[in-house]
Structures are given as C-alpha cells and as structure tokens.
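# Examining the three-dimensional arrangement
Read off the chains here:
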Amino acid sequence: MPAPRKHREAILASAVKLFRRQGYAATGLAEILSESGAPKGSLYHYFPGGKSEIGAEAVTVAGAKVAGTLDVLATRVTDPGELVAQYLTLMAGWMAQSGFRDGCPITTTLLETVPQHEAIHVAGRAAFDSWVETIARVAHDSGIAPDRAATLARFSISALEGALIQCRVSGDESPLVEAAVELKALFQAARAGRSGFV
C-alpha cells in the first residue's frame, strides 16, 4: 500500500525548514525523516532520486510560497516600490521571529549545489524568474518601461538575498529595512523618469 501523501508534504516541509536553517550539505536524510515524522519507506517511495530530488522539490515549494506571497501583495498595491518594500518588511519580521537563524532556503541550497545538481539549478532559476516576473509586471503596469522594470525587479531580488545574509550575520533586521527604503526610492525614480542613481 502506498505511503499516505501527507508524508510527502511533511518531508518537503521539513526539508525546506532544515535547508533554510542549516543549509543543504549539513542536512541529512535521516534528519529530514526525523523532523517530518514520516517512515523511511515514504522517502524512497516519493523521492527515489534521494536528497537531490528532495532538494529540487524543496526549492520549488519554497519558491512557490514566495511567489504566492508576492502575488497576494500585488493584488493590494499598484506601486512596485511599495510591493517590494512590503515584502522586505515581512521578511524582516520573519527573520526577527526566527532569532535570525533562518535564511532563504532557495539561496542556501543553491549556493551549495549549483552547478553540480542540474535539477536543483533549474528549480532555483524558475523560482527566481517567477519572483522577478511578478515585480516586473507591477513595475511595468505602473508606467516603467519593460526593460527597466525587469532590471529593477532582478535587482530587487539581488538586494533581498544580500540583505537576508547580512541580517543573519548581524542579528539585526536593519539590512532588510534599509534595502526596502532604497528599493522603493529606485522604483519611484524610475516612475518619475529618472535613473535613480547619482
């Protein structure tokens, strides 16, 4: 009899949590199983490719969660700078709540696995692309030229990921708060037809 599907979700949720907190390399399959409460047979039933398959799926799941949050925010605001600022503010709160122990499960996993694991690489690229697409769409809808909207969207993700690392190192949410302020100003400048750089 196949393992209940709930075990698959539990394994992925545990993998996302552990990868975010301690990285891909430091997380073993036994630890994922222990955290999830799933029987060993479930892991090999749903993930015959082992840890790298779990890694790719975890990146996809985590990426979809971020994309979903951005999409929800995008239904509430029409200003791209406000969209990005609100998301970074949420991240600052989540980081503080975790005692600055958590990070981005996508970045921590990708840094340790790309380019060796192609499936994880592809999943990470798709996740980042989906985030950029949402931000760029809102930016373009607000009157920013398509190329500039895409550039600012990619830069927003770069600033977010860098700020997350700095938050973990400093144990302070200031890098995310500062990034939110600066990114909002860049989008405002772009909407006003200025470069935003001095």
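Attention here is on the structure that accompanies the text.

What counts as what
Residues numbered from 1 in each chain as written. Predicted model: local features only at pLDDT ≥ 70, side-chain atom pairs only at ≥ 80, totals over all residues. Heavy atoms only, no water. Helix = DSSP H or I, 4+ residues; strand = E, 2+ residues; numbered from the N terminus. Rg over C-alpha atoms; globule rule 2.2 N^0.38 Å. Buried < 20%, exposed > 50% of the residue type's maximum accessible area, 1.4 Å probe, protein only. Contact = heavy atoms within 4.5 Å. Areas by Shrake-Rupley, 256 points an atom, 1.4 Å probe, with all protein chains shown as cover. 1 Å grid on protein atoms, 1.4 Å probe; cavity = no way out; pocket = protein on both sides within 12 Å on 5 of 7 lines; lining within 4 Å. Points joined across faces, edges and corners; volume = space filled by probe spheres on them. Nonpolar A, V, L, I, M, F, W, Y, C, P; charged D, E, K, R; others polar. Core = buried A, V, L, I, M, F, W, Y, C linked by side-chain atoms within 4.5 Å. Axes fitted to C-alpha atoms, helices over the stretch in contact; angles between N-to-C directions. Patch = residues over 30% accessible without salt bridge, like charges linked within 9 Å, V, L, I, M, F, W, Y side chains within 5 Å. Salt bridge = Lys/Arg side-chain N within 4 Å of Asp/Glu carboxyl O. Lys, Arg positive; Asp, Glu negative; His and termini not counted. Charge placed at Lys NZ, Arg CZ, Asp CG, Glu CD. Arc of directions from axis to C-beta.

### Structural notes on the overall build of the chain
Scanning the chain from terminus to terminus reveals nine helices and zero strands. When the helices and strands of the chain are listed from N to C terminus, the series reads α-α-α-α-α-α-α-α-α. In terms of overall size, the chain behaves like a compact globule, its C-alpha atoms giving a radius of gyration of 18 Å where 198 residues would be expected to give roughly 16 Å. On the principal axes, the C-alpha backbone points of the chain span a range of 60 × 30 × 30 Å. Across the 198 residues that make up the chain, the buried fraction comes to 46%. The long-range fraction of contacts in the chain, counting pairs at least 24 apart against all pairs at least 6 apart in sequence, stands at 68%. As presented, the chain carries roughly 9900 Å² of accessible surface, and 57% of it is formed by carbon and sulfur atoms.

### Looking at empty space enclosed by the protein
Scanning the model with the defined rule gives one cavity of 30 Å³ or more in all. Lining the largest cavity, in full, are Val 66, Leu 70, Val 84, Tyr 87, Leu 88, Trp 131, Ile 135, Ser 156, Ile 157 and Leu 160. Mapped by element, the contributors of at least two residues to the lining of the largest cavity are α4 (51–76), α5 (80–97), α7 (118–141) and α8 (146–170). For the lining of the largest cavity, the class distribution of residues is nine nonpolar, one polar and no charged.

### Concerning the layout of surface pockets
By volume, the largest pocket is sized at about 500 Å³. In terms of lining, the largest pocket is formed by 22 residues, of which the most central are Arg 20, Lys 65, Met 91, Trp 94 and Pro 105. Counting residues per element, the ones that place at least two in the lining of the largest pocket are α1 (5–22), α4, α5 and α8. When grouped by side-chain class, the residues that make up the lining of the largest pocket number 14 nonpolar, four polar and four charged.

### Concerning the nonpolar core
Core analysis: the largest hydrophobic core is formed by 61 residues, its most contacted members being Ile 11, Leu 83, Tyr 87, Leu 88, Ile 106, Trp 131 and Leu 176. When residues no more than four places from it in sequence are discounted, the contact partners of Leu 176 are Leu 88, Met 91, Ala 92, Met 95, Leu 160, Ala 163, Leu 164 and Cys 167.

### Observations concerning the packing of α5 against α7
Axis separation between α5 and α7 bottoms out at 8 Å; the angle between their running directions is 145°. Together, Pro 80, Leu 83 and Val 84 of α5 and Ile 135, Val 138 and Ala 139 of α7 make up the contact between the two elements. Along the lines of polarity and charge, the residues of the contact of α5 with α7 split into six nonpolar, no polar and no charged.

### A closer look at a negative patch on the surface
Residues Asp 172, Glu 173, Glu 178 and Glu 182 make up a contiguous surface patch of negative charge. Overall, the relative accessible area of 33% leaves Glu 173 in the partly exposed class.

### So, unusual backbone geometry
In this structure, Pro 115 follows Val 114 across a cis peptide bond, with omega equal to 10°. Structurally, Pro 115 can be placed in the loop between α6 (105–113) and α7. We note that Phe 100 has phi near 60°; this positive angle belongs to a residue other than glycine. In this fold, Phe 100 is placed in the loop between α5 and α6. Owing to a relative accessible area of 16%, Phe 100 belongs among the buried residues under this scheme.

### Quick notes on helix α2 (residues 29–36)
Taken as a whole, α2 has its buried residues at Ile 32, Leu 33 and Ser 36. Viewed along the axis of α2, the buried residues span an arc of 95°, placing them on a single side of the element. Of the exposed residues in α2, those oriented more than 90 degrees away from the buried face are Ala 30 and Ser 34. In this structure, the buried residues of α2 make contact with α1, α3 (40–46) and α4. Of the residues flanking the end of α2, it is Gly 37, one or two places downstream, whose phi is positive at about 80°.

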